[in-house]
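Structural description and commentary
In case you want the letters, here they are:
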Amino acid sequence: MEPTHIEHIGIAVINLEDAIKLFEKVFRLKCYNIEEVADQKVRTAFFMLGDTKIELLESTDPEGPIGKFIEKRGEGLHHIAFAVKNIEDHLRHAEELGIKLIDAKPRKGAEGLDIAFLHPKSTSGVLIEICEDKRK
Ligand code: ZN
């Protein structure tokens, strides 16, 4: 089955508190969750926008994925996450098509989701995350 919607859009930021203030002020959105994902070396902040979330990502380690991204490209759009119903099926399907995977198996991401990243070299230069909320 195809993805159901865009679960979230990830934006890399240098300072999480400043970026939260900006999004709250400019768009009148309310940050409803701040969470550290130690595994990913990030602190994240979430805003709800219809069915889609905005995920702000601040690096907690210059050697982490967001730290390296910001050093190379500065702040900006980092990834798009598609909500799927069966993440294992989607990963297997992508692999069968020769898509390079960053995560061969799903792992735990922010907000209790099971997540996996596809390599941007295989997906038109866009880092795509697929994620599933197994609690639903
Ligand atoms: Zn994400």
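Relevant structure appears above.
Calculation rules
Residues numbered from 1 in each chain as written. Predicted model: local features only at pLDDT ≥ 70, side-chain atom pairs only at ≥ 80, totals over all residues. Heavy atoms only, no water. Helix = DSSP H or I, 4+ residues; strand = E, 2+ residues; numbered from the N terminus. Polar contact = N/O pair within 3.5 Å; in protein donor to acceptor, adjacent residues only side chain to side chain. Contact = heavy atoms within 4.5 Å. Core = buried A, V, L, I, M, F, W, Y, C linked by side-chain atoms within 4.5 Å. Buried < 20%, exposed > 50% of the residue type's maximum accessible area, 1.4 Å probe, protein only. Donors = N, O, S within 2.8 Å, 3.2 Å for Na, K, Ca; no water. Pairing = 2+ DSSP bridges. Salt bridge = Lys/Arg side-chain N within 4 Å of Asp/Glu carboxyl O. Patch = residues over 30% accessible without salt bridge, like charges linked within 9 Å, V, L, I, M, F, W, Y side chains within 5 Å. Areas by Shrake-Rupley, 256 points an atom, 1.4 Å probe, with all protein chains shown as cover. Lys, Arg positive; Asp, Glu negative; His and termini not counted. Charge placed at Lys NZ, Arg CZ, Asp CG, Glu CD.

Regarding the side chain of His79
Here His79 lies in strand β5 (residues 76-83). A polar contact is formed between the side chain of His79 and the side chain of His8, at a distance of 3.3 Å. A polar side-chain atom of His79 sits 3.2 Å from a polar atom in the side chain of Glu55. When residues no more than four places from it in sequence are discounted, the contact partners of His79 are His8, Ile9, Gly10, Glu55, Leu57, Phe117, Leu127 and Glu129.

Side note on the nonpolar core
Listed in full, the 11 residues of the largest apolar core are Val13, Leu16, Ala19, Ile20, Phe23, Leu29, Cys31, Ala45, Phe47, Ile54 and Leu56. Elements represented by at least two residues in this core include exactly α1 (16-27), β3 (42-49) and β4 (52-59). In terms of residue count, the dominant contributor to this core is α1 (4 residues). Apart from the residues within four sequence positions on either side, Phe23 is in contact with Ile11, Arg28, Leu29, Phe47, Ile54 and Leu56. One finds Val42, Phe46, Phe69 and Ile70 within the second-largest nonpolar core, a separate group that totals 9 residues.

A closer look at the coordination of the zinc ion
In ideal tetrahedral geometry, four donors around a metal make angles of 109.5 degrees, whereas ideal octahedral geometry with six donors gives angles of 90 or 180 degrees. Surrounding the zinc ion are the protein donor atoms His8 (NE2), Glu55 (OE), His79 (NE2) and Glu129 (OE), at 2.0 to 2.5 Å. Donor residues for the zinc ion sit on one chain with the sequence pattern H-x46-E-x23-H-x49-E. Of this pair, His79 sits in strand β5 while Glu129 sits in strand β8 (residues 128-132), and the two are 50 residues apart along the sequence. Note on His79: relative accessible area 3%, which makes it buried. Residue class for Glu129 comes out buried when judged on its relative accessible area of 3%.

Some details on the sheet that holds β5
By way of backbone hydrogen bonds, the strands of a sheet pair with one another, either parallel or antiparallel. As summarised here, the arrangement of the 8 strands in space is β2-β3-β4-β1-β5-β8-β7-β6, forming an open sheet in which the pairing is mixed. This sheet does not close on itself; its edge strands, each paired only once, are β2 (31-37) and β6 (107-108). Alignment of β6 against strand β7 (residues 114-118), held across 2 bridges, turns out to be antiparallel. Among the inter-strand pairings, Arg107 is bridged to a residue of β7, identified as Ile115.

Concerning the pattern of salt bridges
With the rule as written, the count across this model stands at 12 salt bridges. Taking the shortest distance from any N to any O, the salt bridge between Glu24 and Lys30 comes out at 3.4 Å. A relative accessible area of 62% means that Lys30 is categorised as exposed. Its salt-bridge partner being Arg107, residue Asp103 comes within 2.8 Å of it at the nearest N-O pair.

Let's talk about a positive patch on the surface
Taken together, the side chains of Lys72, Arg73, Lys100 and Lys121 make up a positively charged region of the molecular surface. Mapped onto the fold, Lys72 is located in helix α2 (residues 65-73).

Some remarks on the environment of Lys53
Among the structural elements, Lys53 can be located in strand β4. Leave out the neighbours within four places in its chain, and Lys53 touches Glu7, His8, Ile9, Tyr32, Phe46, Phe47, Met48 and Glu111. Engagement of the side chain of Lys53 in a polar contact is seen with the side chain of Glu7, the distance being 2.6 Å.

In short, geometric facts, not functional conclusions.
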